[in-house]
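Results of the structural survey
Each chain is listed here by its residues.
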Amino acid sequence: MSLTFFSLSFQCGICGFTIATGGAARLVFGYDSYGNTCGQRNEPIEGVRLSGLDHTDRKFVFFLDPCNIDIIQRKIKSMALCVSQCPTEELATYYDLKKFAMINGSELCSYELPGHKYPSLPERFEKCPKLPVPQSKALPVFNRCTPVDISCYAKFAEAVVTFVSDNSMLNRLIAGVAASKEIIVGLCLLALGNHLLSLAAAYTCFFSVECEYDVCSWLFSGGTSALWWLYIDYRMTMNETMTKDLRKTEEPNGGIKTTKDHSQRLLIYAVSATVFTGILLLLMLFMRKRVALTIALFHVAGKVFIHLPLLALQPFCTFLALSLFWVYWIMVLLFLGTSGNPEKSEETGLVEFRLRGGLQYMTWYHAVGLIWISEFILACQQMTVAGAVVTYYFTRDKNKLPVTPILSSVLRLVRYHLGTVAKGSFIITLVKIPRLILMYIHNQLKGKENACARCMLKACICCLWCLEKCLNYLNQNAYAATAINSTSFCTSARDAFMILVENALRVATINTVGDFILFLGKILIVACTAITGVLALNYQRDYTEWVLPLIIVCLFAFLVAHCFLSIFEIVVDVLFLCFAIDTKYNNGTHGREFYMDKALMVSHR
C-alpha cells in the first residue's frame, strides 16, 4: 500500500509543482518573450528587460510572425507579446497597425514602442509584426491568436502535399480511404457488433470449443469461396469491358487497366485465403482430440460470463481509466514544458523556461510513471476479474452468489490489495524500461552498428520481452492466489508458481490450445468484418484502392476482439488455478468435497 501511495503522491506532486511554479498558468494563459504571463500581474526577472509588467488587461498571446514554424523543434520561431485583442481583420500597413492600436487599445508591436508612432519608428521592422498581419482568432481556453486563414501554414502543408503527390501509391491509398470513409466507420461499428454477437453465441453454447471449431471451419471455407467468386466475377466483367472497348477503339482505355489491377488483387487474396484456410483446418483437426480440460474450462468460463455478465464491460472501464490517465499525463507533461527557471536565449534574446539541476529528472520520472501507472491500471483489471471469478468458483450454491461480485471484488482491491497490484506492476515496469531503452538505442544506431552489435541488441530485446511475458503470466496467477488466500504479493507469487510447476503439463496444454482457440475467436471476428468489407467495396467500383481501408477496419476489429477476449483469457487462467488448488486440497470425499463444476469433474476423472 505504501508503494502505491508513494507512486501516486509523487505523480500528484509533479502536477502540484507545475501549478505552484506557474507552469500550468503559462501553458493555459500563455506568456510573452520577456517571461510575463498574460492576464495577470508579473514579478520582474533579473537581467530581463520589460519583465514584471502588469498584463491584467492583456489576455491573449500574439506572435509577430505566426507563420514561421520550426517543424523540427515543434514551435513558432517568433517573438510573442501579450495583447488585449487579436487582430480581427488583415492589417496591410503600419498605418493600419496604428489605427488598430488607437481604436482597440491593443498594441501589436513591442511594449516600448508607442502605438501612435508605429509608421515612423526605425525599429518597426524588427519589433513589429510581419506585414501583412493576418486576421486572427483566439483559441478557446489557451488564448493564442491563431490566423484564420490556414494558408499561413503553406510551407508545412506544401511539404506534406508534395510528399503525397510524389508518391503515387501513397496518393492512391489516401484517396481510397477518403472515398470509403463512410464504409470504414460502418465496418468498425460492425466489428463491435460482431463481437457482441459472438458473446451472445458464446453464452448460448457455453463457449463450446467444438462449436467454435465448426463455426470457424464454415466461415473460412465460405469466405474463401466468396473471394474466388468475386475473382471470377471480376474476370467476367473485365472480359466484357475489353470486348466492348476493342469494338470502339484499337487501344484499350485506362478503365481496363484498373479492372485488371482489381482482378490481380482479388486473385492474391483468394490464393492467400485458401492456403491460410487449409493450414487452419489441419491444425483444428490435429488439436480437436487433445483439448478435454481446455474444453471444460471454456465451458465453465461461459457459465461465469452468464452469472457475471458485467465482466464483458471490464474492457470499457479499463479503456476509460487508461484514457483519463493518459490525458492527465499529457497535460502534466505540457505543464512541465513551461515550468522551471526563466533563461534568456543568447541566439534569439527570447525568454524560455527550463528545468535545471535535479528538477530536470522530474520529466524522466514522469515518463516512468506513464508505464508504471498504465501497468497498474491493467493489473487492477486482472485483480478485479480474478476476485470475481474466485468468488464464483468457491461458492457451492451459485444461487447464493453476492448481488454484485464484481463491485465486491473492486472494494476488496481498494481496501486490501492495492499494494499487491503496485508491486506486480512495478516489477513489469522494471523489465519494460530497459527493453524500451534498448529499442531506442537500436533505432538510433540503425545502419551504424556492426552485425555483432545489432545481433546482441536484438537478442537482449528478445530476452527482456520473453521475461516480461513470463512475469506478466506469473503476476496474473499471483493476483488470483491473492484473491483466494488474501496473502501478500510475494507469498502469492510463490504459491502460484508452485501450483503451476506441479501442473506443468496441464499448463502447457491449456496455454497452447487455449491461446489457439482464442486466436481463432479473434480471427473469426476479423474475418467476418473483412469479408463484409470486401463485399461492400466490391460493389463500389469507383473506389480505386481497397488495401488501406480494409487494413484499418481489420486492425480495429482485431483490437476490439483482443480487448474482450483478453478478459475471457484471464477468466480461464483463474479458473485453472482454482481447479488446481481444489484438486490439491480436496478429493471428493465427505468433508472434502470439490468446489468445481461438473464439467471439470468429468475432465478430472
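Please read all numbers here as calculations on a predicted model, not as lab measurements.

Rules of the game
- Residues numbered from 1 in each chain as written.
- Predicted model: local features only at pLDDT ≥ 70, side-chain atom pairs only at ≥ 80, totals over all residues.
- Heavy atoms only, no water.
- Helix = DSSP H or I, 4+ residues; strand = E, 2+ residues; numbered from the N terminus.
- Buried < 20%, exposed > 50% of the residue type's maximum accessible area, 1.4 Å probe, protein only.
- Contact = heavy atoms within 4.5 Å.
- Areas by Shrake-Rupley, 256 points an atom, 1.4 Å probe, with all protein chains shown as cover.
- Salt bridge = Lys/Arg side-chain N within 4 Å of Asp/Glu carboxyl O.
- Patch = residues over 30% accessible without salt bridge, like charges linked within 9 Å, V, L, I, M, F, W, Y side chains within 5 Å.
- Pairing = 2+ DSSP bridges.
- UniProt positions renumbered as here; feature names shortened; annotations may be inferred.
- Disulfide = S-S within 2.5 Å.
- Axes fitted to C-alpha atoms, helices over the stretch in contact; angles between N-to-C directions.
- Parallel < 35°, antiparallel > 145°, perpendicular 65-115°, else oblique.
- Nonpolar A, V, L, I, M, F, W, Y, C, P; charged D, E, K, R; others polar.
- Expected span 1.5 Å × (residues − 1).
- Phe/Tyr/Trp six-rings, centres within 6.5 Å; stacked < 30°, edge-to-face > 60°.

Of regular secondary structure, the protein chain possesses 18 helices and 8 strands. A buried classification covers 43% of the 605 residues belonging to the protein chain. Here the analysis covers contacts within the protein chain between residues at least 6 apart in sequence; of these, 70% occur between residues at least 24 apart. As presented, the protein chain carries roughly 32300 Å² of accessible surface, and 66% of it is formed by carbon and sulfur atoms.

With the rule as written, the count across this model stands at 8 salt bridges. Here R41 ties to D54 by a salt bridge, and the two come within 3.5 Å at their closest N and O atoms. Taken together, the residues R41 in the loop between helix 2 (23-29) and strand 1 (60-63) and D54 in the loop between helix 2 and strand 1 connect sequence positions 13 residues apart. On the basis of relative accessible area, R41 is assigned to the exposed category, the value being 62%. Here E112 makes a salt bridge to R49, at a shortest N to O gap of 3.6 Å. With E112 in the loop between helix 3 (94-104) and helix 4 (124-127) and R49 in the loop between helix 2 and strand 1, the pair connects residues that are 63 residues apart, well separated along the chain. Assessed through its relative accessible area of 30%, E112 is described here as partly exposed. One connected set of salt bridges, linked through shared partners, spans E375, K432, R435 and E468.

Cis geometry marks the peptide bond from L131 to P132, where omega comes out at -10 degrees. Tracing the sequence through the fold places P132 in the loop between helix 4 and strand 5 (136-138). The phi dihedral of N143 is positive, around 55 degrees, even though this residue is not glycine. Among the secondary structure elements, N143 is positioned in the loop between strand 5 and strand 6 (145-147). Although it is not a glycine, S486 sits at a positive phi angle of roughly 55 degrees. Within the secondary structure layout, S486 lies in the loop between helix 14 (451-485) and helix 15 (489-502).

Summarising the element assignment, E126 is placed in helix 4. Each C-alpha atom of the pair E126 and S110 lies 9.2 Å from the other, and the pair is 16 residues apart in sequence.

In this section: a nonpolar patch on the surface. A cluster of nonpolar side chains, contributed by W228, L267, V271, V275 and I279, occupies part of the molecular surface with about 400 Å² of accessible area. Residue contributions to the nonpolar patch peak at 4 residues, all from helix 9 (residues 254-287). Among the secondary structure elements, L267 is positioned in helix 9. The class of L267 is partly exposed, set by a relative accessible area of 32%.

Right, let's talk about the environment of M79 for a bit. Mapped onto the secondary structure, M79 falls in the loop between strand 3 (75-76) and strand 4 (80-83). Its relative accessible area of 19% is what places M79 among the buried residues. Each C-alpha atom, one on M79 and one on L350, is 7.1 Å from the other, the two residues being 271 residues apart in sequence. In contact with M79, not counting residues within four places along its chain, are S33, Y34, F62, F63, L64 and L350.

This part covers the pairing of strand 8 (residues 351-354). By the alternation rule, side chains of strand 8 split into V351 and F353, which are all buried, and E352 and R354, of which none is buried. When strand 7 (residues 341-344) meets strand 8, the two strands line up antiparallel, connected through 4 bridges. Of the residues in strand 8, the one forming a bridge with P342 is F353.

Let's shift gears to the UniProt feature "transmembrane region" (unreviewed entry) in the protein chain. In this numbering, the UniProt entry assigns the feature "transmembrane region" (unreviewed entry) to residues 183-203, 215-232, 266-286, 293-312, 318-336, 364-394, 516-540 and 546-579. As annotated, residues 318-336 has a helix share of 100% and a strand share of 0%, and its two end C-alpha atoms lie 27 Å apart. Each end of residues 364-394 is marked by a C-alpha atom, and these two atoms are 45 Å apart; helix forms 97% of the span and strand 0%.

Moving on: the state of the cysteines. Taken as a whole and assessed by the stated rule, the structure comprises 3 disulfides. Between the sulfur atoms of C38 and its disulfide partner C82 the distance amounts to 1.9 Å. When the S-S torsion is -80 degrees, as for the bridge of C38 with C82, the disulfide is left-handed. With a gap of 44 residues between them, C38 in the loop between helix 2 and strand 1 and C82 in strand 4 connect regions that are remote in the sequence. For C38, a relative accessible area of 1% gives the class buried. Here C86 is linked by a disulfide to C145, with a sulfur-sulfur distance of 1.9 Å.

Let us look at the side chain of H417. Relative to the assigned elements, H417 resides in helix 13 (residues 405-444). Not counting chain neighbours up to four residues away, the residues in contact with H417 comprise M383, R412, T482 and S486.

Bringing the packing of helix 14 against helix 15 into the picture now. Working note: a packed helix pair is described by the angle between its axes plus the distance between those axes. Running from N to C, helix 14 and helix 15 point in directions that differ by 110 degrees, and their axes come no closer than 8 Å. Here helix 14 lies roughly perpendicular to helix 15, going by the angle between them. Of the residues in helix 15, those in contact with Y473, L474, N475, N477, A478, Y479, A481, T482 and N485 of helix 14 are F489, S492, A493, D495, A496, F497 and L500. Residues belonging to the contact of helix 14 with helix 15 are distributed by class as follows: 10 nonpolar, 5 polar and 1 charged.

The α-helix advances 3.6 residues per turn, and as a result positions three or four apart in sequence lie on the same side. Here helix 12 (residues 361-393) spans 47 Å end to end across 33 residues, near enough to the 48 Å set by a 1.5 Å rise per residue. By the criterion of burial, helix 12 is predominantly enclosed, with 26 of the 33 residues buried.

The final tally for this structure, using the stated rule, is 9 aromatic pairs. On the basis of an interplanar angle of 70 degrees and a centroid distance of 5.0 Å, the ring pair of F298 and F568 is categorised as edge-to-face. A residue pair is termed long-range when its members are at least 10 positions apart, and F298 in helix 10 (residues 292-307) and F568 in helix 17 (residues 547-585) qualify at 270 residues. There is no split in this pair, since F298 and F568 are both buried.

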